[in-house]
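Close look at the chain arrangement
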Amino acid sequence: MRIGILTGGGDVPGLNPCIKAVVNRVVHDGHEVVGLRRGWSALLQHDLDDPGSAEEWFQPLTPATVRTIDRTGGTFLHTSRTNPSRVRPGEVPGHLASRADGDGPFDFTDHALRVVEALGIDVLIPIGGDDTLSYALRMHDEGVPVVAIPKTMDNDVHGTDYCIGFSTAVTRGVQFIHNLRTSTGSHERIAVVELFGRYSGETSLVTAYLSGVDRAVISEVPFDVERLGELLVADKRANPSNYSMVTVSEGATVAGGDMVLSGEEDAYGHRKLGGIGELTAELLKEHTGEEMIVQVVGYLMRSGAPDSLDLMVATNYAVMAADLALEGSSGRMVALRSGTYTSVPISATREGVKRVDVDELYDVDEYRPKVRHVRGKPMFLY
């Protein structure tokens, strides 16, 4: 059997160990693994009339190739947000330019299918979040055997309680917040910490819950600046060190406002997020007169090597995905459900993005986690 493996979307800690574990599991039994570089872009960019282009987009993976990759974060196969079914005019590769008639976006899935067939790939193992796996579902619907592995530091893929990258992101966030306390307290200010989280505020919520910050603004609940300011000023005065802190999901919105976006849409219809931390700090200063510290944690949350939990889950997901592939299973996504490793239909990704259960876990009036009961809840609360 020849297995193709790829990573798409944002990088997270744990991708390299996952790739390594797949390779070591299947090569031992005499099978091959080929790495697709830059996610789904490999299937779009490869020119079937130019055999030399395969060297740029595909890499044979052996135990020797992957021997040390698990010692670092990120993905050594690189990544992209390319979606071969939604290619904008400026992103059409030269060998497909003659087919790009009109304003686009263009669907080149038929070309992607021919590339899979030409390379002799028997099954694809994509590692990604909701967007990457939505195209994996398309490939499955087109008849390509697919076994998916969920990753995203937002932990927002339906069908699983856990996605690779979440634990490390929260661990990093807690560490940075605790480190920032010294400067915030020394200068007696209010600190606004912007964390990743587009539609799901779980990263911000859990990080705030574990680090004990005063307030947390999440993507699911628009916030009133005046109310938030009153709370933070009261928190500051009640603190012997005379400071307070608030975490803000990058996808959070001011009541009556919109997400802070920039740049053009990617292949999945998303524009870049960023700036809500600065905006929140400016508005808070205007309403309270307090001096602010703004810290955008951003990419630091998903940089570096994985923690032990992400290393464990990434390795076990890889072994399970490889086993499913070798068994001939298709259209499955490996998952953790109620603390147990299992698999679910990849069609679970059609349910969209998983979001925080606000009624159970968040105090919308006080802008902070509200975790009253944990019995019966999954390890990461939802």
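First things first, this report covers the structure right here in the doc.

Rules used in this analysis
Residues numbered from 1 in each chain as written. Predicted model: local features only at pLDDT ≥ 70, side-chain atom pairs only at ≥ 80, totals over all residues. Heavy atoms only, no water. Helix = DSSP H or I, 4+ residues; strand = E, 2+ residues; numbered from the N terminus. Rg over C-alpha atoms; globule rule 2.2 N^0.38 Å. Buried < 20%, exposed > 50% of the residue type's maximum accessible area, 1.4 Å probe, protein only. Contact = heavy atoms within 4.5 Å. Areas by Shrake-Rupley, 256 points an atom, 1.4 Å probe, with all protein chains shown as cover. Polar contact = N/O pair within 3.5 Å; in protein donor to acceptor, adjacent residues only side chain to side chain. Phe/Tyr/Trp six-rings, centres within 6.5 Å; stacked < 30°, edge-to-face > 60°. Lys NZ or Arg CZ within 6 Å of the ring centre and 35° of its normal. Patch = residues over 30% accessible without salt bridge, like charges linked within 9 Å, V, L, I, M, F, W, Y side chains within 5 Å. Salt bridge = Lys/Arg side-chain N within 4 Å of Asp/Glu carboxyl O. 1 Å grid on protein atoms, 1.4 Å probe; cavity = no way out; pocket = protein on both sides within 12 Å on 5 of 7 lines; lining within 4 Å. Points joined across faces, edges and corners; volume = space filled by probe spheres on them. Nonpolar A, V, L, I, M, F, W, Y, C, P; charged D, E, K, R; others polar. Pairing = 2+ DSSP bridges. Axes fitted to C-alpha atoms, helices over the stretch in contact; angles between N-to-C directions. Expected span 1.5 Å × (residues − 1). Arc of directions from axis to C-beta.

What about the overall build of the protein?
- The helix and strand inventory of the protein stands at 11 helices and 15 strands.
- Compactness check: the protein gives a C-alpha radius of gyration of 22 Å against a globular reference of 21 Å for 382 residues, within 12% of the reference.
- Summarising its shape, the C-alpha atoms of the protein cover approximately 70 × 50 × 35 Å along the three principal directions.
- Expressed as a percentage of its 382 residues, the buried residues of the protein come to 55%.
- A fraction of 72% describes how many contacts in the protein between residues 6 or more apart in sequence connect residues 24 or more apart.
- Surface exposure of the protein reaches about 15900 Å², of which carbon and sulfur atoms provide 46%.

So, the environment of Arg-37
- For Arg-37, the position within the fold is in the loop between β2 (32–36) and α2 (41–45).
- Taking relative accessible area as the criterion, Arg-37 reaches 18% and is therefore assigned buried.
- Between the alpha carbons of Arg-37 and Ser-80 there is a distance of 8.9 Å; along the sequence they are 43 residues apart.
- Side-chain polar atoms of Arg-37 contact the backbone oxygen of Glu-56, separated by 3.0 Å.

Some details on the packing of aromatic side chains
- Enumeration according to the criterion identifies five aromatic pairs in this entry.
- With 6.1 Å between their ring centres and 40° between their planes, Phe-106 and Phe-108 make a pair best called tilted.
- The class of Phe-108 is buried, set by a relative accessible area of 1%.
- Sitting above the plane of the Trp-57 ring, Arg-38 keeps its charged end 4.9 Å from the centroid.

Looking at a nonpolar patch on the surface
- Together, Tyr-209, Leu-210 and Val-374 give the surface a local cluster of nonpolar side chains, amounting to about 280 Å² of exposed area.
- Among the secondary structure elements, Leu-210 is positioned in helix α7 (residues 202–211).

Observations regarding the layout of surface pockets
- Taken as a whole, the second largest pocket holds about 190 Å³ of empty space.
- In terms of lining, the second largest pocket is formed by Asp-161, Tyr-162, Leu-309, Met-312, Val-313, Leu-336, Ser-338, Gly-339, Tyr-341, Pro-378, Met-379 and Phe-380.
- A total of three residues in the lining of the second largest pocket trace back to one element, the largest contributor, which is helix α10 (residues 308–327).
- Across the lining of the second largest pocket, the residue classes break down as nine nonpolar, two polar and one charged.

Things to note about the sheet that holds strand β5 (residues 147–150)
- Read from one edge of the open sheet, seven strands run β3-β2-β1-β4-β5-β12-β13, paired in mixed fashion. Strands at the two margins of the open sheet, each flanked by one partner only, are β3 (58–61) and β13 (340–345). On average, adjacent strands in this sheet sit at an angle of 30° to one another, irrespective of strand direction.
- Contacts between helix α1 (residues 15–27) and the sheet are confined to β1 (2–7), β2, β3, β4 (123–128) and β5, with β1 contributing the most and set at about 175° to the helix.
- Packing of helix α5 (residues 130–141) onto the sheet brings it into contact with β1, β4, β5 and β12 (332–337), and relative to β4 it is tilted by some 160°.

Some points on helix α9 (residues 276–288)
- Over its 13 residues, α9 runs 18 Å from end to end, which matches the ideal 18 Å to within 8%, given 1.5 Å per residue.
- Among the residues of α9, those classed as buried are Ile-276, Gly-277, Thr-280, Ala-281 and Leu-284. In a view along the axis of α9, the buried residues occupy a sector of 130°, so they form one face of it. The exposed residues of α9 that point more than 90 degrees off its buried face are Glu-282 and Glu-286.
- Those residues of α9 that are buried lie in contact with β6 (190–195), α8 (225–238), β8 (244–249) and β11 (292–296).

A word on the pattern of salt bridges
- Throughout the structure, instances matching the rule amount to 15 salt bridges.
- Across the pair Arg-25 and Asp-29 runs a salt bridge whose closest N-O atoms are separated by 2.8 Å.
- You can call Arg-25 partly exposed: its relative accessible area is 25%.
- The closest approach of N and O atoms between Glu-366 and Arg-215, which form a salt bridge, is 3.3 Å. On the criterion of sequence distance, the pair formed by Glu-366 in the loop between β14 (362–363) and β15 (368–369) and Arg-215 in strand β7 (residues 215–217) is long-range, its members being 151 residues apart.
- Each of the salt bridges in this network shares a partner with another, and the network as a whole consists of Arg-215, Arg-227, Asp-235 and Glu-366.

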